[in-house]
Amino acid sequence: ASIGRLFIGGIVPGLLMGLALMVTVYVMAVKRPKDFPTRPAADLKGIWVAFKRAFLPLWAPVIILGGIAFGVTTPTEAGVVAVVYALILGIIYREIDLANMKEMLVATAKQVGSVLFILAGARLFSYIMTLQRVPTVLTGAVIAFTESPVILLMILNIVLLILGMFLNSSTILVLTVPVLTPMLATFGIDPIHFGVVMTLNVMIGMLTPPLGVVLYVCADIAEVRFERVLKDIVPFYIPLIIVLLLITYIPGLVLWLPNLLMGAM
């Protein structure tokens, strides 16, 4: 599947998520003003000042997505360019120096190392499943259960959401994609469409305990107890699940923009 199409396919779902979460924040701020204090809306001058301050950092996603979408860089090369760009910005803004560079490199090595060990085991497991024809057997079992793509997508959403509660996102992708890909072709499901659906499933999983890696990171950054974060994150699952269902059963929300910009497949 085209990486560029997957990136572009995620734009409309991303905008839908943004709008849905904005509505959720507004409702929570109105109902619980003490817990969620509001500030006056920024005027045009304030927006312009903030834009100028964020102008250089805003180029990072443009470099990543633009390079991949237009074929200038591979995903790996785009990641390297983004890291170098962020490093340069860190030096320009005087937030990175030789003193904290060592700590950053050590922390990065630990995080990447742990993920690579997981991926190595997951790839081995995936290879064994393929060797034992698990994808073929699973496809046959699902077809025997249902011939409806609607029911299949619902089942896959439920399974992926449950897996996201207990497994790392990279592990889920490595374990499930080789198994599910043959099944998608059998049911006539577009791989770009399902790729975006799967990505949103995995993202929601990263916000769901007991693993909930993102929740732990947010709690640590905000210096708030994990239990408090867990309590207030619950309302945000509603808009995310709604958007997930919308893009699952309205493929055009995912496929329209890639087909428009890159041509129909």
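These numbers were taken from a predicted model, which means no experiment stands behind them. (Residues numbered from 1 in each chain as written. Predicted model: local features only at pLDDT ≥ 70, side-chain atom pairs only at ≥ 80, totals over all residues. Heavy atoms only, no water.)

1. Structural notes on the side chain of R5
Considering the arrangement of structural elements, one finds R5 in helix α1 (residues 3-9). Notably, R5 is buried but unbridged: the nearest opposite-charge side chain belongs to D190, and the N-O separation is 7.3 Å. Within polar-contact distance, the side chain of R5 engages the side chain of N259 at 3.3 Å. A distance of 3.3 Å separates the side chain of R5 from the backbone oxygen of M262, its partner in a polar contact. (Helix = DSSP H or I, 4+ residues; strand = E, 2+ residues; numbered from the N terminus. Buried < 20%, exposed > 50% of the residue type's maximum accessible area, 1.4 Å probe, protein only. Lys, Arg positive; Asp, Glu negative; His and termini not counted. Salt bridge = Lys/Arg side-chain N within 4 Å of Asp/Glu carboxyl O. Polar contact = N/O pair within 3.5 Å; in protein donor to acceptor, adjacent residues only side chain to side chain.)

2. A look at the nonpolar core
The biggest cluster of nonpolar side chains holds 21 residues, and the ones touching the most others in it are L200, L215 and I247. Of all the secondary structure elements, the ones that give two or more residues to this core are α2 (11-31), α9 (191-205), α10 (213-222), α11 (226-249) and α12 (252-262). The element best represented in this core is α11, accounting for nine residues. Counting 13 residues, the second-largest nonpolar core is a separate cluster that includes I172, L180, F187 and M198. (Core = buried A, V, L, I, M, F, W, Y, C linked by side-chain atoms within 4.5 Å.)

3. Brief notes about the packing of helix α8 (residues 169-187) against α9
In a packed pair of helices, the relevant descriptors are the angle between the two axes and the axis-to-axis distance. The geometry of α8 relative to α9 is characterised by a closest axis approach of 11 Å and an angle of 150° between their N-to-C directions. Considered as vectors, α8 and α9 are oriented roughly antiparallel to each other. By crossing handedness, the relation of α8 to α9 is classed as right-handed. Contacts from S169, I172, L173, T176, V177, L180 and L184 of α8 reach α9 at F194, M198 and V202. When its residues are assigned to classes, the contact of α8 with α9 shows eight nonpolar, two polar and no charged. (Axes fitted to C-alpha atoms, helices over the stretch in contact; angles between N-to-C directions. Parallel < 35°, antiparallel > 145°, perpendicular 65-115°, else oblique. Left-handed = near helix turned anticlockwise from the far one by under 90°. Contact = heavy atoms within 4.5 Å. Nonpolar A, V, L, I, M, F, W, Y, C, P; charged D, E, K, R; others polar.)

These figures capture arrangement, not role.
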